[in-house]
Amino acid sequence: MIFSEKLNHQSVFKYLGHFEENDSDYYISKFFDDNNLFKFLEDKVNSKIRIKEDILWHIFLQCLKGLKYLHNKGIIHRDIKLANIFVDDQNNIQIGGFDIAAVMEENQVKYFTDDPQLQKELILNCRDEIGTMNYMAPEIENSQHYDQRADIYSLGITFYALCYYNFPYLNGNNLNELMEDNLYSYELKKNIYMMIQKDQNKRPTSDEMYAQLENDYIQKYGKKNI
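None of these values were measured; they are calculated from a predicted model.

K.L.:
Please clarify how the packing of aromatic side chains should be interpreted in this entry.
P.N.:
Centre-to-centre distance and the angle between the planes together describe a pair of aromatic rings. Scanning the entire structure with this criterion turns up eight aromatic pairs. Considering the side-chain rings of Y135 and F167, the 5.2 Å spacing of their centres and the 80° angle between planes classify their relative orientation as edge-to-face. Of the two residues, Y135 sits in the loop between β8 (121-123) and α3 (138-141) while F167 sits in the loop between α4 (149-164) and α5 (175-180), which places them 32 residues apart along the sequence. Among the aromatic residues, ring-to-ring pairing joins W57, Y217 and Y221 into one connected group. Sitting over the ring of Y165, R50 keeps its end group 4.2 Å from the ring centre.

Structural data, given as structure tokens:
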């Protein structure tokens, strides 16, 4: 989490420092408590309430804006999921959980840990499995070459879960069913569909994805992004 203290973006969790006490690590931040999208979704499920589409657009645009910032800094998060995206009572979000994030360096990535002795470099087509199952991009799960589009996949899975309270590709779910349902608008479903393509070469970059989502938002709501 060393480099995350240097990041400065409204949609990225700002770590101001940390300290150890009683064999535990404590991180100091300026904003947000421990509420995250997992708890946010859990409350909706327990209340049997579907998330309104305008709220989803608000959350999605912020997430992609933050991810675009990270990717333009050369950072791959590698563990985008509901629990690593923090949310306040105004539905403003910040991306956190940088424990296994990496910085792109040509054909290599570097682990960043709080212990300098544990830092190491490895080739991108490493055999390590990085991330969380159900959110993990297929290329990482299959120990293939990956890049920042792995984060796009994980964020798409996160968006799908917020919409459908489930994960795609489980229990016979498929992308055709996503596009055929009428719970949310075609524009919203189309963007999720683009993000969770199993073939990474069919996935857009975060810059392309944000531009697409922002354009669809303007077309739908007639105003600029949030």
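K.L.:
Even after reading the chapter, I still don't get empty space enclosed by the protein, so can you show me in this structure?
P.N.:
Taking a probe equal in size to a water molecule and rolling it over the atoms shows the remaining empty space. Taken as a whole and judged by the stated rule, the model has one cavity of 30 Å³ or more. Counted as a void, the largest cavity has a volume near 60 Å³. By residue class, the composition of the lining of the largest cavity is seven nonpolar, three polar and three charged.

K.L.:
Just to check I follow, could you spell out the side chain of D147 for this structure?
P.N.:
Counting through the fold element by element, D147 comes out in the loop between α3 and α4. In this structure the side chain of D147 is engaged in a polar contact, spanning 2.9 Å, whose partner is the side chain of R149.

K.L.:
Help me understand the pattern of salt bridges, please; the structure alone is not making it clear to me.
P.N.:
Oppositely charged side chains can form a pair if their charged atoms are brought close together. Taken as a whole, this structure holds five salt bridges when the rule is applied. The salt bridge partner of K220 is E53, with a shortest N-O separation of 3.7 Å. Note that K220 is positioned in helix α7 (residues 206-221) and E53 in helix α2 (residues 53-72), a separation of 167 residues in sequence. Given the relative accessible area of 34%, K220 is considered partly exposed. Residue E53 is classed as buried on the basis of its relative accessible area, which comes to 15%.

K.L.:
What should I look at first to understand unusual backbone geometry in this one?
P.N.:
When glycine is set aside, most residues are seen to have a negative phi, and most peptide bonds are trans. Positioned with a positive phi, N91 is a non-glycine residue whose angle comes to about 65°. Among the structural elements, N91 can be located in the loop between β4 (85-87) and β5 (93-95). The class of N91 is buried, set by a relative accessible area of 17%. Not every positive phi belongs to a glycine, and Y165 is a case in point at roughly 55°. Relative to the assigned elements, Y165 resides in the loop between α4 and α5.

K.L.:
Explain α7 here, please?
P.N.:
The α-helix advances 3.6 residues per turn, and as a result positions three or four apart in sequence lie on the same side. Look at α7: 22 Å from first C-alpha to last across 16 residues, which is about the 22 Å you get at 1.5 Å a residue. Along α7, the positions that sit buried rather than exposed are S206, M209, Y210, L213, E214, D216 and Y217. Taken down its axis, α7 places every buried residue within 165° of arc, on the same side. For α7, the secondary structure elements touched by its buried residues are α2, α4 and α6 (186-195).

K.L.:
Quick question: what am I supposed to make of the environment of K223 here?
P.N.:
Following the sequence through the fold, K223 ends up in the segment after α7. Aside from chain neighbours lying at most four places away, what touches K223 is Y217 and I218.

K.L.:
Would you mind going over the packing of α2 against α6 with me for this structure?
P.N.:
To describe two helices that pack against each other, one gives the angle between their axes and the distance between the axes. Where α2 contacts α6, the two axes come as close as 11 Å, and the packing angle between them is 35°. Handedness of the crossing formed by α2 with α6: left-handed. On α6, the residues that touch E53, L56, W57, F60 and L64 of α2 are E187, L188, N191, I192 and M195. Split by residue class, the contact of α2 with α6 holds seven nonpolar, one polar and two charged.

K.L.:
Explanation requested: the environment of E53 in the structure shown.
P.N.:
Residues E53 and L188, spaced 135 residues apart in sequence, show a C-alpha to C-alpha distance of 8.4 Å. If we skip the residues at most four places from it in the chain, E53 touches Y184, S185, L188, K220 and Y221. A polar contact of 3.0 Å, which involves the side chain of E53, links it to the side chain of W57.

K.L.:
I keep staring at the side chain of H58 and nothing clicks. Help me out?
P.N.:
Within the secondary structure layout, H58 lies in helix α2. In terms of polar contacts, H58 uses its side chain to reach the backbone carbonyl oxygen of N91, at 3.3 Å.

K.L.:
Would you mind showing me how to read the packing of α2 against α7 here?
P.N.:
Two numbers describe how α2 lies on α7: the axes approach to 9 Å, and their chain directions differ by 155°. Between α2 and α7, the angle is such that the two are roughly antiparallel. In this structure, the crossing between α2 and α7 has a hand that is left-handed. The segment α2 lies against α7, with E53, D54, W57, F60, L61, L64, K65, L67, K68, H71 and N72 engaging S206, D207, M209, Y210, L213, E214, D216, Y217, K220 and Y221. Partitioned by chemical class, the residues of the contact of α2 with α7 number 10 nonpolar, three polar and eight charged.

Conventions adopted
- Residues numbered from 1 in each chain as written.
- Predicted model: local features only at pLDDT ≥ 70, side-chain atom pairs only at ≥ 80, totals over all residues.
- Heavy atoms only, no water.
- Phe/Tyr/Trp six-rings, centres within 6.5 Å; stacked < 30°, edge-to-face > 60°.
- Helix = DSSP H or I, 4+ residues; strand = E, 2+ residues; numbered from the N terminus.
- Lys NZ or Arg CZ within 6 Å of the ring centre and 35° of its normal.
- 1 Å grid on protein atoms, 1.4 Å probe; cavity = no way out; pocket = protein on both sides within 12 Å on 5 of 7 lines; lining within 4 Å.
- Points joined across faces, edges and corners; volume = space filled by probe spheres on them.
- Nonpolar A, V, L, I, M, F, W, Y, C, P; charged D, E, K, R; others polar.
- Polar contact = N/O pair within 3.5 Å; in protein donor to acceptor, adjacent residues only side chain to side chain.
- Salt bridge = Lys/Arg side-chain N within 4 Å of Asp/Glu carboxyl O.
- Buried < 20%, exposed > 50% of the residue type's maximum accessible area, 1.4 Å probe, protein only.
- Expected span 1.5 Å × (residues − 1).
- Arc of directions from axis to C-beta.
- Contact = heavy atoms within 4.5 Å.
- Axes fitted to C-alpha atoms, helices over the stretch in contact; angles between N-to-C directions.
- Left-handed = near helix turned anticlockwise from the far one by under 90°.
- Parallel < 35°, antiparallel > 145°, perpendicular 65-115°, else oblique.

Take it as geometry only, folks, not as evidence of what the structure does.
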